[in-house]
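Observations on chain architecture
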Amino acid sequence: MTFTRIAAFAATTALTATAAFADAHADREGWPESFTVGTGSQGGTYFGYGSGWAGIVSEVLGVSGGAEVTGGPMQNMALVHTGELPFGMTTMGPAAESINGTNPIAPGLQMTNACAMFPMYQTPFSITALASSGITSVADIPAGARIGFGPAGSTSDTYFPQMMETLGVEFERRNGGWSDLGGQLQDGLLDVIAFAAGVPVPAVSQLEVQTEINIIEFTEEEQAQIIEAFPVAGFDIAANTYTTLEAPARSVSMWNFAIANCDLPESFVYAVVDAVMSDNERMVNTHRAAASTLPEFWDRNTVMMWHPGAARWFEENAGADIADDMIHGAM
């Protein structure tokens, strides 16, 4: 496999606060000299969010770190499981499929060496079309519409085509990075983009600046159909998320979690979680989706084993009651 490395390694600083934080994590036995976070395509939320928390961890812990463009949640599970990357990000659906051995990247391989680290945010599923297309609802999408579903193997590509089929939409499936698909929509090469990404999606925000778009919500009936058929929950995209919206847009969502290779040192993962979860305002400054990166959402992980370092942090700092059989190596 060939991946695009993002050489955005944050320079460490000698700030007093950073030094004090580093002193609190003096046990550095087995820590890596640098780390990389598997994210997603450029123009998607995973890349922006992952670059943000990698930079925070790098600065706070004094360990060089950066983000890497990948194919998204499914591929991140594989890369972290094998140890090719120490950290990544995934959603609950792809995580469950990977653990069960149904990840299309490596069918039959149960990816049980990728551990939960911390809750990130919910991924809403949303649909965007050019205003000039006249598409204002799912029912308006014409038969044979060219729909961009994001990178192959991503959360969007895994679930959104099935959702569209459930709603009776006939389409031609297209894949690509979010920025690229946004350009294709604007150039008339696509009719619709079906996004599954934390909001605001950079590619949608960019489209709003360049042209008029419609952000299409599900009807109550469509939302109910999807919730019944898929591992998602109801979600409203807030009106202030995009300038195009005048009211909240009805959607569905799936939780995202940061993941770590289960063999990483407990003290290192504890320190990484501490750096990310101890200052939510700092995280939100890197990406607005981090507003949900809060300790109380630890229980949104229902499928992955916890890394022992992460489990200890949430037990000590968030009152988490994590069963031993959900902590890697605890049994």
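Below is a summary of the structure that appears in this document. (Residues numbered from 1 in each chain as written. Predicted model: local features only at pLDDT ≥ 70, side-chain atom pairs only at ≥ 80, totals over all residues. Heavy atoms only, no water.)

1. Comments concerning empty space enclosed by the protein
- Using the criterion set out here, one finds two cavities of 30 Å³ or more in the structure.
- The computed volume of the largest cavity comes to approximately 150 Å³.
- As for the largest cavity, its lining consists of 20 residues, of which Tyr46, Pro73, Ser154, Trp178 and Ala196 are closest to the centre.
- Residue assignment for the lining of the largest cavity shows that the elements contributing at least two residues are helix H2 (45-61), strand S4 (114-130) and helix H5 (155-166).
- Split by residue class, the lining of the largest cavity holds seven nonpolar, 13 polar and no charged.
- What the second largest cavity holds in volume is close to 30 Å³.
- Contributing to the lining of the second largest cavity are Phe125, Ser126, Ile127, Ile215, Ile216, Glu217, Phe218, Ile237, Ala249, Arg250 and Ser251.
- Sorting the residues of the lining of the second largest cavity by element identifies S4, strand S8 (213-216) and strand S10 (249-261) as the ones contributing at least two each.
- For the lining of the second largest cavity, the residue count by class is seven nonpolar, two polar and two charged. (1 Å grid on protein atoms, 1.4 Å probe; cavity = no way out; pocket = protein on both sides within 12 Å on 5 of 7 lines; lining within 4 Å. Points joined across faces, edges and corners; volume = space filled by probe spheres on them. Helix = DSSP H or I, 4+ residues; strand = E, 2+ residues; numbered from the N terminus. Nonpolar A, V, L, I, M, F, W, Y, C, P; charged D, E, K, R; others polar.)

2. Re helix H11 (residues 308-317)
- Within H11, burial applies to Gly309, Ala310, Ala311, Trp313 and Phe314.
- Its buried side turned inward, H11 meets S4 and helix H9 (266-277).
- Among the residues trailing H11, Gly319 stands out with phi positive, at a value near 65 degrees. (Buried < 20%, exposed > 50% of the residue type's maximum accessible area, 1.4 Å probe, protein only. Contact = heavy atoms within 4.5 Å.)

3. Notes on the side chain of Ser267
- On the secondary structure map, Ser267 appears in helix H9.
- For Ser267, a relative accessible area of 15% gives the class buried.
- When residues no more than four places from it in sequence are discounted, the contact partners of Ser267 are Asp27, Glu29 and Trp31.

So yeah, pure geometry; function would need other evidence.
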